[in-house]
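Residue-level structural notes
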Amino acid sequence: MKRQSRHLRSRSMHRDNKFLLLLHNNISLGRLFFSGSVLYLLLVVVLVNHLSLLPSLNNIHISIDKTLHELAADNKHKEGASACLLVNDENPRLPEWIAYHYHTLPLRSLTVAVDPLSRSSPLGILRRWNDTGLMEMQLWNDDDYLYEIAANGAEKKRIKVTPDVHGHRMRQNHFINKCMLDFKRRNKQWVLLIDVDEYITFNWIDDNNQEPDFPVEKAPDGIPTLMDWTWDSSEGVIEGWIDTLSSPTKVATGSLVSMPMQIQPGGVVTDSTGDSYYLRDDRAVRDLDALDQPPEPMPILKYVMADSDDKLCGEIFNDVYDEKWDESWVCFEVDWEAPENEQKKTNIFHGGYVVEDLQQRKYFLEKEQALWPKRLAVEDAKDARERLPRVDERKTILDVVKEESNRHGYETMGPCIMMPRLRYGSFEVQPEAATVVAAPGGIDPKDFVTLRYRWHGAKGVYAYGKTMIDVSQIPTEELQVEAENVHAPLSHYCPRQVWHYSPQYATSLFRVNHYLDSFEAYTYRKDVRVELRQSVDRYNTLAKEGNHSMDTEGSHWLQEFVQDMGSENAKMLLAGVGSFPRLDWSLSKILWGK
C-alpha cells in the first residue's frame with residue numbers, strides 16, 4: 001500500500017501540473033475536466049498493470065479441464081527447470097517462448113520482470129499458465145530486484161538506473177542474480193538465462209550443412225604452433241608467437257582465407273600466402289601451470305579486467321602496499337610491452353598468475369577457473385553430440401544433462417553450462433505439412449518464429465553465448481551482488497571463453513537459437529536502443545548475416561504440444577501469438593517521462 005500511495009502521489013502531482021498549464025493557457029473548464037478525466041483513466045490503467053501485478057496473478061481464473069489438471073498433478077512429481085525473463089513489449093512472442101520451453105526444457109517455473117518503458121504487460125499471458133497449475137509464475141517490477149542490502153544488513157537501498165544502454169545492462173545484471181537467488185531459496189536447480197527472442201535446443205551435428213571442425217589436441221605434422229594468439233577481425237589477420245629454439249618469436253599471418261568458424265582453439269588456419277598455423281588452446285595450456293595460491297604474501301586481485309586506458313583493474317584483498325579495504329576497486333599500470341606480459345596479455349586475466357605494476361609491486365590474479373566445469377575431451381564431446389536425441393525421440397534438455405552428467409561426472413556439465421548462439425535471419429520457409437495439420441483452429445504455424453525461420457548464419461562465429469546455471473550449487477553470497485554480465489553472470493563458475501564469452505561451437509551439446517524475426521517484430525519494442533531498432537540498414541545487415549544455410553532437421557514441438565494439451569487448451573495457451581497490436585508510445589512518455 002505504501003508503494004501504491006507513493007506512486008499515486010507522484011501521479012497526482014503530475015496531473016496538477018497539467019491542470020496549471022491548461023489554466024495558464026486559458027483553456028475552458030469543460031476541456032479542463034475532459035483532459036483531467038482522460039489522464040485519470042490512463043493513470044488507473046497503469047496502476048492496475050504496473051503496481052498490482054503480483055497479487056492479480058491469482059485474482060482471475062480460467063476454466064481448467066481434466067487434461068490440464070492431470071498434467072499439472074503429474075508435473076509435481078517430475079523435475080523441471082526455471083527461467084528468468086526481462087521483457088519489454090514481448091507479448092507477440094511470449095506465448096510461443098513459454099510453450100516451446102515448457103515442452104522442450106521442460107520449463108516449470110518462470111519469473112518475468114517488466115521494463116518500465118514497456119507499453120504492454122504480460123499479465124494476461126502469465127495468468128493463463130498460472131491458473132492451469134502447469135507452471136509457477138511470478139511477475140516482478142523494479143522494487144523486487146533493484147535494491148542492495150545496506151551496510152547494517154537490515155535495510156534495502158534502492159538502486160538507481162539511468163535511462164540509457166548502461167542502465168539497461170545494470171538492470172539486466174541485477175535482475176538475473178536476484179532472480180537466481182529467489183529460485184535458490186525456493187529449492188530450484190537449473191535456471192535458464194536467455195531472452196524472449198532466444199530458444200535453447202540440442203546442438204545436433206548437421207551432416208547436410210557446414211559445421212566447424214572439431215579442434216585437434218596438437219599441431220599436425222609440418223604445421224607450426226601459434227601460441228598466445230589474437231584475432232584482429234577488422235584486418236583479417238592473427239597475431240601470436242611461434243616457439244623457436246631460442247625464444248618465442250612474434251609473427252602475424254597474412255590475410256586469412258580460412259572460414260571464420262575455423263578460427264578457434266585447436267583449429268588450423270591458412271592465410272593468403274599459403275602458410276598454415278595451428279592455433280594452440282592457450283587456456284588449456286595455462287591451466288597446467290596456473291597457481292592455486294600466491295607463491296608468497298602479496299595482494300590478491302579478483303574480477304580482473306583491463307579498463308579503457310589499458311590499466312589492470314580488480315577487487316583487491318590483503319593489500320600489503322596501500323592497506324586498502326578488502327573488496328576495494330583498484331587500477332594500476334602494467335608494462336604490457338615487457339615480453340613476459342605482452343605474450344600472455346590475452347590470457348593473463350584467466351588467473352593463477354603473478355603480475356607486476358610499474359613500481360614492480362607484485363599482485364596475484366585469483367584463479368577463477370578452479371570452479372569452472374571440467375573440459376570434456378574432444379572425442380568425448382563428439383560422441384556426446386552424436387548421441388543427442390533426434391526430434392522424434394521426445395527427450396528434454398534436462399534428460400540429456402542428467403544422462404551426460406551420469407556418464408562423465410557432474411563437474412563436466414555444471415554448475416554453469418555455457419551455450420553458443422546461432423543467429424537466424426529473415427528468410428522464411430513454409431512450415432512442414434504435419435505442423436500445419438496439427439495446429440488448432442485459429443493458430444497459424446507461420447506465426448511461430450521457430451517454424452517460420454530456419455535459415456541461419458555460419459556456425460561458430462556468433463560472439464556472446466548464454467547460460468543455464470544450477471543455482472543449488474552456487475553460494476548465496478555470489479547471488480547477492482550484481483552479475484558480471486548476462487553472458488557469463490558468475491565469473492567463478494562460468495568460463496570466460498576466447499570469443500567474447502562464447503564457448504566452442506563444435507564441443508557444445510546445446511545451443512541458443514537467436515531469431516531476428518520480421519522487420520515488424522524487430523521494430524516493435526521501443527527500448528533504450530530505439531534508434532538501432534528503427535534502422536532498416538542495421539536490420540538488413542543482421543538479416544544477411546543470418547541467411548547462410550538452412551536447418552535440415554525440422555521441429556515437431558508444436559504438434560507434440562497440441563497432442564499433450566489437447567487442441568482447445570493449446571489454443572487457449574497460445575492465444576495472441578504472432579499478433580502485433582498497435583501500442584501507444586505517448587503513454588510511456590506520460591507515465592515515465594521518457
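This structure is a prediction, so every number in the text was calculated from the model and none was measured.

So, about the state of the cysteines. This structure, assessed with the given rule, holds 3 disulfides. Covalent S-S linkage joins Cys-313 and Cys-331, the inter-sulfur distance amounting to 2.1 Å. Where Cys-313 bonds to Cys-331 through sulfur, the torsion about that S-S bond is close to 115°, and the disulfide is right-handed. Linking Cys-313 in strand β14 (residues 312-317) with Cys-331 in strand β15 (residues 328-332), this pair joins segments that are 18 residues apart in sequence. The disulfide partner of Cys-416 is Cys-494, and the S-S distance across this bridge is 2.2 Å. A torsion of 100° about the S-S bond marks the disulfide between Cys-416 and Cys-494 as right-handed.

Counting all residues, the mean pLDDT for the chain is 81, and 80% of those residues have values of 70 or more. Across the chain, element-level confidence peaks in strand β6 (residues 190-193) with a mean pLDDT of 98 and bottoms out in helix α1 (residues 2-24) with 33. For residues 1-35, every residue scores under 50 in pLDDT, and the model assigns this stretch 23 contacts once sequence neighbours within four places are set aside. pLDDT under 50 marks residues 38-56. Its contacts with residues more than four places away, or in other chains, come to 31 contacts.

What follows deals with the pairing of strand β2 (residues 107-114). With 8 of 8 residues buried, β2 lies mostly within the body of the structure. In this view, the connection linking strand β1 (residues 81-87) to its parallel neighbour β2 by way of helix α5 (residues 94-104) has right-handed handedness. Pairing analysis gives 5 bridges linking β2 to strand β3 (residues 136-140), with the strands arranged parallel. Within β3, the position partnered with Thr-111 by the bridge is Gln-138. Traced from β2 through helix α6 (residues 123-132) to β3, the parallel crossover comes out right-handed.

On to the packing of aromatic side chains. Within the structure shown, the criterion is met by 20 aromatic pairs. Summarising the aromatic geometry, the rings of Tyr-100 and Trp-557 are spaced 5.6 Å apart at their centres and angled 80° between planes, so their arrangement reads as edge-to-face. Of this pair, Tyr-100 sits in helix α5 while Trp-557 sits in helix α17 (residues 557-565), and the two are 457 residues apart along the sequence. Its relative accessible area of 8% is what places Tyr-100 among the buried residues. Ring geometry for Trp-129 and Phe-561: centres 6.3 Å apart, planes at 40°, overall tilted. With Trp-129 in helix α6 and Phe-561 in helix α17, this pair connects stretches of sequence that are 432 residues apart. Site record: aromatic cluster; members linked through ring pairs are Tyr-100, Tyr-102, Trp-129, Tyr-199, Tyr-424, Phe-448, Tyr-515, Trp-557 and Phe-561. One Lys or Arg, Arg-119, reaches over the ring of Tyr-524 and ends 5.9 Å from the middle of that ring. Positioned above the aromatic ring of Phe-317, the side-chain terminus of Lys-302 is 4.5 Å from the ring centre.

Spatially, β3-β2-β1-β6-β21-β18 is the arrangement adopted by the 6 strands of the open sheet, whose pairing is mixed. A strand with exactly one partner marks an edge of an open sheet, and here the two such strands are β3 and β18 (416-419). The sheet shows a mean angle of 20° between the axes of neighbouring strands, taken without regard to direction. Sheet topology places β18 next to strand β21 (residues 466-470); 4 bridges connect them, and they run antiparallel. Bridge pairing in β21 places Met-418 opposite Thr-467. Contacting β1, β2, β3, β6 and β21, helix α7 (residues 165-185) crosses the sheet at an angle of about 155° to β1.

Next up on the list: the pattern of salt bridges. Taken as a whole and assessed by the stated rule, the structure comprises 29 salt bridges. Among the salt bridges present, the one from Lys-466 reaches Glu-198, with a minimum N-O distance of 2.7 Å. Pair noted here: Lys-466 is in strand β21 and Glu-198 is in strand β7 (residues 198-202), with a separation of 268 residues, a long-range link. Accessibility classification places Lys-466 together with Glu-198 in one group, the buried group. Asp-322 is paired through a salt bridge with Arg-361; the nearest N and O atoms lie 3.4 Å apart. Of this pair, Asp-322 sits in the loop between β14 and β15 while Arg-361 sits in the loop between β16 (353-356) and β17 (362-365), placing them 39 residues apart in sequence. Members of the salt-bridge network, linked through shared partners, are Asp-115, Asp-142, Asp-143, Arg-158 and Arg-171.

How each quantity is defined
Position numbers for residues count from 1 along each chain, tracking the sequence in the order it is written. In view of the model being predicted, local features appear only for residues whose pLDDT reaches at least 70, and side-chain atom pairs are presented and counted only at 80 or more, with totals across whole chains, interfaces and linings using the full set of residues. With hydrogens and water set aside, each side-chain value is computed from the structure's full complement of heavy atoms. Here, the term disulfide refers to a pair of cysteine sulfur atoms separated by no more than 2.5 Å. Under the scheme used here, helices are H or I runs from DSSP no shorter than 4 residues and strands are E runs no shorter than 2 residues, and both carry numbers assigned from the N terminus. Per residue, pLDDT captures the predictor's confidence, and it can take any value from 0 to 100. Residue contacts are defined here by distance: any two heavy atoms, one from each residue, within 4.5 Å place the two residues in contact. Relative accessibility thresholds used throughout: buried, under 20% of the residue-type maximum; exposed, over 50%; partly exposed, between the two (1.4 Å probe, protein chains only). When the strands point away from the viewer and the path from the first strand over the helix to the second turns clockwise, the crossover is right-handed. Here, a strand pair is defined by DSSP locating no fewer than two bridges between the strands. Pairing of aromatic rings covers Phe, Tyr and the six-membered ring of Trp, with a centre-to-centre limit of 6.5 Å; geometry is then stacked below 30 degrees between planes, edge-to-face above 60, and tilted otherwise. Whether a charge sits over a ring depends on NZ of Lys or CZ of Arg being within 6 Å of the ring centre and within 35 degrees of the ring normal. Helix axes use the C-alpha atoms of the stretch in contact, all axes being lines fitted to C-alpha atoms, and the angles between their N-to-C directions lie in the range 0 to 180 degrees. The term salt bridge refers to a side-chain nitrogen of Lys or Arg lying within 4 Å of a carboxyl oxygen of Asp or Glu.

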